[in-house]
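Structural characterization, general
The primary structure of each chain is shown beneath.
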Amino acid sequence: MKSHQVINLRHLTPSAYIIRLEKKNFTFKTGQYITLGFSGSIDRREYSIYSAEQDDYIEVLIKDVENGLLSKKLKKCKPGDMLDIDGAFGHFSLKDDEVKNKKFMFICTGTGISPVHSFIHTHPEMDYTLLHGIRHKEEAYEKETYDSNRYVLCTSGENTGDFNGRVTEYLLKNPVSPDTICYLCGNCHMIYEAYDILEKQGVKLGPIHTEVYF
Amino acid sequence: MKYHLISLGCQMNASDGERVRTVIEQMGYTYTEQEEDANLIGILACSVRQNAIDKVYSKIHKWNKWKNKTNLITFVSGCVLPSDHEKFLKLFDIIFKMKDLPNLPEMIQQYGITTPNGIQNGYDVQNDQIAEFWNVKPDYASDFEAFVPIQNGCDKFCSFCAVPYTRGREVSRPSVEIINEVRSLVERGYKSITLLGQNVNSYGLDKPDTEIMFPELLRQVGEIGNEMGTEFWVYFTSPHPRDMTDEVIEVISQYKCLAKQIHLPLQSGDDKLLIAMNRKHGLEKYRQSVSTIRRLIPEATLFTDIIVGFTGETDEQFDATRAAMKEFDFNMAYIAKYSPRPGALSHRWFDSIPLETKKDRHQVLTQDLKLSSRSYNDSMIDKTYRVLVRAAAKHDGYLAGLTEGKINVRFLSDNTDLIGQIVNVKIKSAIAFSVEGDLIA
Ligand SMILES: Cc1cc2nc3c(=O)[nH]c(=O)nc-3n(C[C@H](O)[C@H](O)[C@H](O)COP(=O)(O)OP(=O)(O)OC[C@H]3O[C@@H](n4cnc5c(N)ncnc54)[C@H](O)[C@@H]3O)c2cc1C
Ligand code: SF4
């Protein structure tokens with residue numbers, strides 16, 4: 001476990017924010033997560049890395065959760081504060097040979113877009129479609145950093161996105177070809193539903209990668 | 001100078017404990033069963049269940065009280081969660097990771113309170129023999145069954161498990177050392193050797209350029225069997241279905257000493273629950289492995305691990321596990337009622353299945369298991385099996401042992417000299433989980 005200094009915080013919405021930390025000699029594979037907590041504190045939580053492999057800082061995208069412990073506390077941290085990082089952990093990552101010649105479908109809800117942001121910014125040349133499921137349009141975190149032709153905003157709470165409805169409804173109306181490599185990240189109910197849909201559309205579990213947040 | 005050591009939890013800790021004993025005894029300590037008599041007390045902690053963690057706290061609070069009366073050094077190692085690590089630092093005199101075991105003598109000698117060991121200079125802490133954890137010669141608890149650690153740590157991050165956080169990443173032990181240890185055990189007449197690791201079949205993956213992979217390691221162990229020509233059985237546990245290749249199964253089928261018993265944890269028969277568990281494989285992958293096992297090693301027995309009542313497990317998902325149980329005909333399944341494990345990812349997810357439901361599911365699945373176990377055991381009747389005699393059975397006048405496939409056998413005999421030997425037993429009756437037979441001269 002190493003202590004890293006907070007460089008700054010970017011508040012994207014009243015509840016979502018990005019913490020940028022010094023990188024030091026930290027290394028990770030895009031898609032992995034870290035555990036984060038205040039230096040010396042025993043309360044730690046998992047956060048996918050939002051920044052790209054080549055960035056000279058580490059960023060995480062966090063949404064404060066109602067009645068949550070750490071996501072609220074982290075929101076109050078200031079430049080100069082020290083946070084402990086452990087990791088990087090997990091296998092939600094890309095295969096080098098596939099990045100160059102495969103088609104990708106990223107399906108995520110809320111802050112589940114975080115590892116996808118890291119994928120796309122680490123490998124801008126990737127052939128991908130990104131489905132981001134949110135309720136309201138302000139949760140389209142840093143939408144402008146994605147290629148608008150590849151990004152489909154699915155809003156379920158209002159008709160302000162590219163698609164009015166949940167990501168799973170979009171998938172039903174827009175089937176995925178079975179050779180697509182699919183990455184699902186965020187809420188487990190979305191992941192289960194999307195998994196069933198993809199399976200029916202002929203995509204096998206092998207090319208379906210999942211990261212369950214809660 | 002006396003020491004006392006407690007190993008909590010899994011076989012990995014028990015195996016590590018054998019090495020810890022060696023190091024401490026080389027310093028001149030002798031073992032005592034009585035904690036009160038010890039000058040040095042250690043505990044290899046387990047973080048899998050809360051009660052195991054609670055036990056560490058209750059012990060250390062007791063030992064710390066004794067320090068008013070006696071010069072006592074305490075240490076802790078094993079599976080320690082980061083949150084407990086912080087607290088243990090204040091409670092224990094020494095806390096170390098198992099990989100730092102070779103430095104334990106130095107830590108004890110330099111602990112800074114006067115102990116017999118602190119003032120004696122006899123022990124060479126630079127002892128080459130124990131320059132590395134793996135090199136520490138274990139003080140095996142048995143003289144016919146041994147556990148050989150081949151790999152430590154885990155990179156899999158199943159959501160219900162804290163091992164990747166407590167034991168760290170997968171580290172493979174040099175194959176040369178493993179082969180030497182197995183060879184030496186066989187030379188000394190050991191009959192049952194288990195290659196041990198959190199994820200044995202990931203062996204070598206952490207050193208792709210410099211180390212052999214698991215199938216090759218098994219092959220080299222198999223060659224020892226061919227060379228020596230003696231009878232012994234080599235097991236491995238636990239493998240992960242994701243890394244279970246056909247090659248591993250092929251190698252087992254090719255060598256006599258590689259035991260025809262496979263422990264392949266399934267955990268759930270439902271693909272979506274496997275996703276929530278972050279197992280990174282589906283039922284189909286498991287099915288393929290079992291079908292290869294049945295094809296190449298039809299005589300193999302199959303063991304598994306199952307969790308019932310995992311967060312969100314629906315009746316349908318539980319039924320899928322029951323169906324899998326039926327399909328795979330397990331000889332044994334270690335069925336656990338889900339309980340959130342401190343430090344594991346799922347610990348913070350709502351534990352949605354009521355305890356009563358978990359108990360019911362546990363019972364139902366155990367009944368299913370009894371059927372498959374019984375049906376296999378019935379098929380053993382009138383056949384003669386090689387049985388490793390392990391101990392006197394609970395019933396007077398009987399000895400108990402295991403077949404190569406790890407089926408429990410008992411037979412009438414009071415000749416305890418047979419313990420540690422492999423004998424012929426003709427099976428005459430069977431129930432679920434065990435059989436009874438007659439010793440054949
Ligand atoms: C592998 C992994 C990666 C993760 N990556 C991210 C990430 O990049 N960004 C991020 O914001 N969170 C992420 N999370 C969730 C994060 O770890 C925490 O669970 C979350 O920040 C809540 O922590 P807390 O201490 O505030 O709430 P707690 O006091 O721990 O409890 C809050 C409850 O809310 C649930 N919960 C967790 N996240 C959410 C959510 N987004 N919406 C509603 N309920 C939730 C939890 O399951 C828990 O039951 C990730 C989780 C995992 C397992
Ligand atoms: S494979 Fe899963 S259950 Fe086994 S040690 Fe690793 S994380 Fe734990």
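Attention now goes to the site of ligand 1. Around ligand 1, a shell composed of 25 residues is seen, among which E46, G68, L70, S71 and F214 of chain A lie nearest. Those residues lying near ligand 1 are distributed over chains A and B. When residues of the shell around ligand 1 are traced back to their parent elements, those giving at least two are β4 (45-48), β5 (57-63) and α1 (70-75) of chain A. Taken together, the residues that form the shell around ligand 1 break down as 13 nonpolar, six polar and six charged.

Ranked by internal contacts, the top residues of the largest apolar core, which has 166 residues, are F106 and C182 of chain A together with V234 of chain B. Ranked by residues supplied to this core, first place goes to helix α5 (residues 188-200) of chain A with seven residues. Those residues in contact with V234 of chain B that sit more than four places away from it in its chain are I193, L195, V221, C257, L258 and A259 of chain B.

What follows concerns the domain arrangement of chain B. Residues and elements named next belong to chain B. Each assigned domain of chain B is listed here: domain 1 (2-130), domain 2 (137-378) and domain 3 (384-440). Using C-alpha coordinates to define each centre, domain 2 is positioned 25 Å away from domain 3. Listed per partner, the contact involves 17 residues of domain 2 and 12 residues of domain 3. The dominant element in the side of domain 2 that touches domain 3, judged by the number of residues it contributes, is helix α13 (residues 355-378), at five residues. Residue composition of the side of domain 2 that touches domain 3, grouped by class: four nonpolar, six polar and seven charged.

Each partner contributes to the interface: chain B provides 16 residues, whereas chain A provides 15 residues. Those elements giving two or more residues to the side of chain B that touches chain A turn out to be α3 (82-91) and α10 (271-276) of chain B. With four residues, α10 of chain B is the largest single contributor of residues to the side of chain B that touches chain A. Here the side of chain B that touches chain A is built from residues that sort into seven nonpolar, four polar and five charged.

With that settled, consider the site of ligand 2. Near ligand 2, the surroundings consist of C154, K156, F157, C158, C161, V163, P164, Q198, N199 and H240 of chain B. By residue class, the composition of the shell around ligand 2 is six nonpolar, three polar and one charged.

All names here are of chain B. If you trace the backbone, V364 turns up in helix α13. With 17 C-beta atoms counted inside 10 Å, the residue V364 sits in the partly exposed group. The sequence separation of V364 and I6 amounts to 358 residues, and the corresponding C-alpha distance is 35 Å.

This part takes up the pairing of strand β14 (residues 384-392) of chain B. Residue and element names in this part refer to chain B. Across five bridges, β14 lies against strand β17 (residues 422-431) in antiparallel orientation. Bridged to T384 within β17 is K426. Both β14 and strand β15 (residues 398-403) contribute to a ladder of five bridges, which runs antiparallel. Bridge pairing links V389 to G401 in β15. Counting the residues between successive antiparallel strands, the hairpin from β14 to β15 contains five residues, one of them, G397, with a positive phi of roughly 85°.

Bringing the packing of helix α12 (residues 315-328) of chain B against α13 of chain B into the picture now. All names here are of chain B. Between α12 and α13, the shortest axis-to-axis distance is 10 Å and the interhelical angle comes to 15°. As far as their axial angle goes, α13 and α12 are roughly parallel. Here the hand of the crossing between α12 and α13 comes out right-handed. Contact with α12, carried on its side by F318, T321, R322, M325 and K326, involves R361, L365, D368 and L369 of α13 and no other residues of that element. Counted by class, the contact of α12 with α13 contains four nonpolar, one polar and four charged residues.

Time to look at unusual backbone geometry. Geometrically, the link from G87 of chain A to A88 of chain A is a cis peptide bond, its omega value of 5° lying close to zero. Locating A88 of chain A in the fold gives a position in strand β6 (residues 82-89). A positive phi angle, near 60°, is found at K280 of chain B, a position not held by glycine. As for its placement among the helices and strands, K280 of chain B is situated in the loop between α10 and α11 (283-296). Taking the C-beta count within 10 Å as the criterion, K280 of chain B has 20 such neighbours and is therefore assigned buried. Even without a glycine there, the phi angle at K406 of chain B is positive, about 65°. Mapped onto the fold, K406 of chain B is located in the loop between β15 and β16 (408-412).

Moving on to the packing of helix α7 (residues 175-187) of chain B against helix α8 (residues 214-228) of chain B. Two quantities define a packed helix pair, namely the angle between the helix axes and the distance between the axes. Residue and element names in this part refer to chain B. In contact at an axis separation of 10 Å, α7 and α8 are set at 30° when each is read in the N-to-C sense. In terms of their interaxial angle, α7 and α8 are classed as roughly parallel. When the axes of α7 and α8 are compared, the crossing they make is right-handed. For the pair α7 and α8, the contacting residues are S175, I178, I179, V182, R183 and V186 in the first and L217, Q220, V221, I224 and M228 in the second.

What counts as what
Residues numbered from 1 in each chain as written. Chains lettered and ligands numbered in written order. Predicted model: local features only at pLDDT ≥ 70, side-chain atom pairs only at ≥ 80, totals over all residues. Near = placed C-beta within 6 Å. Helix = DSSP H or I, 4+ residues; strand = E, 2+ residues; numbered from the N terminus. Nonpolar A, V, L, I, M, F, W, Y, C, P; charged D, E, K, R; others polar. Core = buried A, V, L, I, M, F, W, Y, C linked by C-beta atoms within 7 Å. Buried ≥ 20, exposed ≤ 12 C-beta atoms within 10 Å, placed from the backbone. Contact = placed C-beta atoms within 7 Å. Domains from an automatic or database assignment. Pairing = 2+ DSSP bridges. Axes fitted to C-alpha atoms, helices over the stretch in contact; angles between N-to-C directions. Parallel < 35°, antiparallel > 145°, perpendicular 65-115°, else oblique. Left-handed = near helix turned anticlockwise from the far one by under 90°.

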